[in-house]
Amino acid sequence: MSEVYKRELVFIVAGIVAAVMMVTYFFDIPVLNGVAQQFQVWALIIQLMAIGLGAINLVRLNYRHIQRKSEGIWVFSAWFMVLFSIMLLLGLVGLATGSEHAIYSWIFTHVYTSLSSTLYAITGFYIFSAAYRAFRARNIDAAILLIGGVFVMLTNAPVGAVIWKGFPIIGGWFNIAGQVPAMRTFTITGALGLLAYGFRTLLGKERGFYGEAGQ
Amino acid sequence: MAIIIEGRMIALLLLVISFALFYFYMQQAKSGAKISARTFPAVAAIPEAVGRAAEMGKPIYYTTGLGMGTLNNPSQGPQTLAGISILGHVVRLCSRNGVRIDYFTPIVDSLPLVEETMRTAYLMEGNPEGFDPHHIHFQNDQSPYLTASLGYMQRERPASNIMLGGFYYESVVLGEAGNTIGAMQICGSANTHQLPFLVATCDYTLIMEELYAASAEIAGDPDVLGSLRGEDILKFIILALIGVGFLLGIANNTTLINLLRM
């Protein structure tokens, strides 16, 4: 099949699937509901098959680093290969025996989950430095942001109410009357943008995600 | 038996009105009516980001965020697609300027799309050999994706970071890491909870619908730009509805709420 037909086929399939899903959201048509359910199952199957692609991508990339002895990386790539093989093997053993292997569970719970939690906790430091940058009163706008930020911080920190009972009231106002309308405006405009994007995709006009954007 | 599902009639009506407006303005633009769209500073800065990388001889880091790890997510999937749309444009610029671009993602089902987008972009630039699948880095899940990205930034010191898509807490981490290495940063998301972090850490930010509109602006297709005009008209309709709802609310009248729930 030529490249052009292949590409057109992608947009035709995407358009049909989107139209069916949209119709079944609004209308109760038993025949189409069945089709929509099938589409969802297919989407899940495609997603699961893509995990295989992801694994191939990982192995390919790390194998190249090992092969080329990429400075500062190849040792980690080799370590990845070892762990990947162990987890794959234990996963397959678990699949064969019908129950998750104890070592597999241990690595997942005590290594992966712990490291993920640690990384998440470190985010606090990144927020501190981002807040420091945002809260520098370089102009009127930044000064207003700083004042608002101080009130909200002292609202959330228990010491704020101890210093002055007005902090939680003013901070609460910033949180509700100040923030919510702005965030809802963003949500509405985002939804409109999504609607327009969906419509363009439905008509096959949005082709950027197939490498056809811009000259 | 009602064929329209209860509670979705007005939503359907609004959808039909929206689509009719988009279509009308797309047709108008097609027939020659001038539709002008303001230039997004973030989009205008993309050539500068690529040029900077070319001058410094450094690569570009590109990511579309966590996006809940799948294209199937109704709120995150379209953001990932919008990010991939812009990726095509960036890759073409990189190909022209001989700049390496490394794409990082934890979204496994986006991999074939990304590969095809990058391959097509290089092909369209007459540089098919420029495409190297090894520049697409997949990490399964948020933490590995984040650590791989941080490691990459420290090792390779990319000249520019482009982060467009559905972000979660990785936004502030990547943004700050990019700041630390002095990279020029262009970002965008339609996730309201991450916008403050992106605005604080990046040089240019695409906010909410700008992320979806950016690819239309890049395409420069008047036909596509017409949909943006339709979007603006819809904003006025929604503003009017909010105004009417506000006045009715003061009068303790729930007619509009009941109508919208139909």
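Conventions we followed
- Residues numbered from 1 in each chain as written.
- Chains lettered and ligands numbered in written order.
- Predicted model: local features only at pLDDT ≥ 70, side-chain atom pairs only at ≥ 80, totals over all residues.
- Helix = DSSP H or I, 4+ residues; strand = E, 2+ residues; numbered from the N terminus.
- Buried ≥ 20, exposed ≤ 12 C-beta atoms within 10 Å, placed from the backbone.
- Contact = placed C-beta atoms within 7 Å.
- Pairing = 2+ DSSP bridges.
- Axes fitted to C-alpha atoms, helices over the stretch in contact; angles between N-to-C directions.
- Domains from an automatic or database assignment.
- Nonpolar A, V, L, I, M, F, W, Y, C, P; charged D, E, K, R; others polar.
- Right-handed = clockwise from strand over helix to strand, strands pointing away.
- Core = buried A, V, L, I, M, F, W, Y, C linked by C-beta atoms within 7 Å.
- Parallel < 35°, antiparallel > 145°, perpendicular 65-115°, else oblique.
- Left-handed = near helix turned anticlockwise from the far one by under 90°.

Topic: the overall build of chain A
Looking only at helices and strands, one finds seven helices and zero strands in chain A. Counting from the amino terminus, helix and strand elements in chain A follow one another as α-α-α-α-α-α-α. Expressed along its principal axes, the backbone C-alpha trace of chain A runs to roughly 70 × 50 × 45 Å. Within chain A, buried positions represent 17% of all 215 residues. Residue pairs at least 24 apart in sequence account for 16% of intrachain contacts in chain A once pairs closer than 6 positions are excluded.

Concerning the overall build of chain B
Along the backbone of chain B there are 11 helices and six strands. By principal-axis analysis of the C-alpha atoms, chain B measures approximately 65 × 45 × 35 Å. For chain B, the proportion of its 262 residues judged to be buried stands at 48%. Of all intrachain contacts in chain B linking residues separated by at least 6 positions in sequence, the fraction that spans at least 24 positions is 73%.

Let's talk about the sheet that holds strand β3 (residues 136–138) of chain B
All names here are of chain B. Taken in spatial order, the six strands make up an open sheet running β3-β2-β1-β4-β5-β6, and their pairing is parallel. Here the strands that pair on one side only, and so sit at the sheet edges, are β3 and β6 (204–207). Ignoring which end each strand starts from, the neighbouring axes of this sheet average 15 degrees apart. Taken together, the four bridges between strand β5 (residues 184–189) and β6 define a ladder with parallel strand orientation. Its bridge partner lying in β6, Ser189 is registered against Ile207. Packed on one face of the sheet, helix α6 (residues 142–156) meets β1 (60–63), β2 (101–105) and β3 and runs near 160 degrees to β2.

With respect to the domain arrangement of chain B
All names here are of chain B. Each assigned domain of chain B is listed here: domain 1 (9–34 + 223–260) and domain 2 (41–219). Between the C-alpha centres of domain 1 and domain 2 there is a distance of 32 Å. Residue-level contacts link five residues of domain 1 with four residues of domain 2. Residue classes in the side of domain 1 that touches domain 2 are distributed as three nonpolar, one polar and one charged.

Some thoughts on the pairing of β6(B)
Residues B:Tyr204 and B:Leu206 of β6(B) are buried on one face, and the alternating residues B:Thr205 and B:Ile207, pointing to the opposite face, are buried as well. The handedness of the β5(B) to β6(B) crossover, carried by helix α8 (residues 195–201) of chain B, is right-handed.

Observations regarding the nonpolar core
Residues and elements named next belong to chain B. Within the largest apolar cluster, 85 residues are counted, with the highest numbers of intra-cluster contacts made by Val50, Ile60 and Val90. In terms of residue count, helix α4 (residues 77–97) provides more of this core than any other element does, nine residues in total. Excluding residues within four positions of it along the chain, Ile60 makes contact with Ala49, Val50, Ala53, Cys94, Val99, Ile101, Pro158, Ala159, Ser160 and Ile162.

Focus on the interface of chain A and chain B
Each side of the interface is counted separately: chain A has 50 residues, and chain B has 66 residues. It is helix α7 (residues 166–202) of chain A that provides the largest number of residues to the side of chain A that touches chain B, a total of 15 residues. Across the side of chain A that touches chain B, the residue classes tally to 28 nonpolar, 15 polar and seven charged.

Side note on the environment of A:Tyr132
With respect to the helices and strands, A:Tyr132 occurs in helix α4 (residues 102–134). A residue is classified by how many C-beta atoms lie within 10 Å of it, and A:Tyr132, with 10 of them, is exposed.

Re the pairing of β5(B)
Within β5(B), six of the six residues are buried, which leaves the element mostly enclosed by the surrounding structure. With respect to chirality, the unit in which strand β4 (residues 160–164) of chain B leads through helix α7 (residues 170–180) of chain B into the neighbouring parallel β5(B) is right-handed.

Digging into the domain arrangement of chain A
In terms of domain boundaries, chain A breaks down into domain 1 (1–98) and domain 2 (135–199). Using C-alpha coordinates to define each centre, domain 1 of chain A is positioned 39 Å away from domain 2 of chain A.

A look at the environment of B:Gly83
All names here are of chain B. By the element assignment, Gly83 lies in helix α4. It is 15 Å that separates the C-alpha atoms of Gly83 and Tyr168, two residues lying 85 residues apart in sequence. Filtering out sequence-adjacent residues up to four positions away, Gly83 remains in contact with Thr64, Leu164 and Gly165.

What about unusual backbone geometry?
Residue and element names in this part refer to chain B. We note that Asp141 has phi near 105 degrees; this positive angle belongs to a residue other than glycine. Considering the arrangement of structural elements, one finds Asp141 in the loop between β3 and α6. Asp141 gets classed as partly exposed once you count the C-beta atoms within 10 Å, which come to 13. We note that Arg157 has phi near 50 degrees; this positive angle belongs to a residue other than glycine. Tracing the backbone through its elements, the reader meets Arg157 in the loop between α6 and β4. Accessibility expressed as a C-beta count within 10 Å gives 15 for Arg157, which makes it partly exposed.

Re the packing of helix α1 (residues 9–30) of chain B against helix α10 (residues 222–250) of chain B
Residue and element names in this part refer to chain B. Viewed as axis vectors pointing N to C, α1 and α10 meet at an angle of 135 degrees, and their least axial separation amounts to 7 Å. Looking at the two axes, α1 sits oblique to α10. In the packing of α1 onto α10, the handedness of the crossing is right-handed. Note on element contacts: α10 touches α1 through Pro222, Asp223, Leu225, Gly226, Ser227, Arg229, Gly230, Ile233 and Leu234, opposite Ser18, Leu21, Phe22, Phe24, Tyr25, Met26, Gln28, Ala29 and Lys30. Looking at the contact of α1 with α10 residue by residue, the classes come out as 10 nonpolar, five polar and three charged.

Some words on the packing of helix α9 (residues 209–219) of chain B against α10(B)
All names here are of chain B. The geometry of α9 relative to α10 is characterised by a closest axis approach of 8 Å and an angle of 145 degrees between their N-to-C directions. Taking contact as the criterion, the partners of Glu209, Ala213, Ala216 and Ala219 in α9 are, on α10, Val224, Leu225, Ser227, Leu228 and Glu231. Broken down by class, the residue content of the contact of α9 with α10 amounts to six nonpolar, one polar and two charged.

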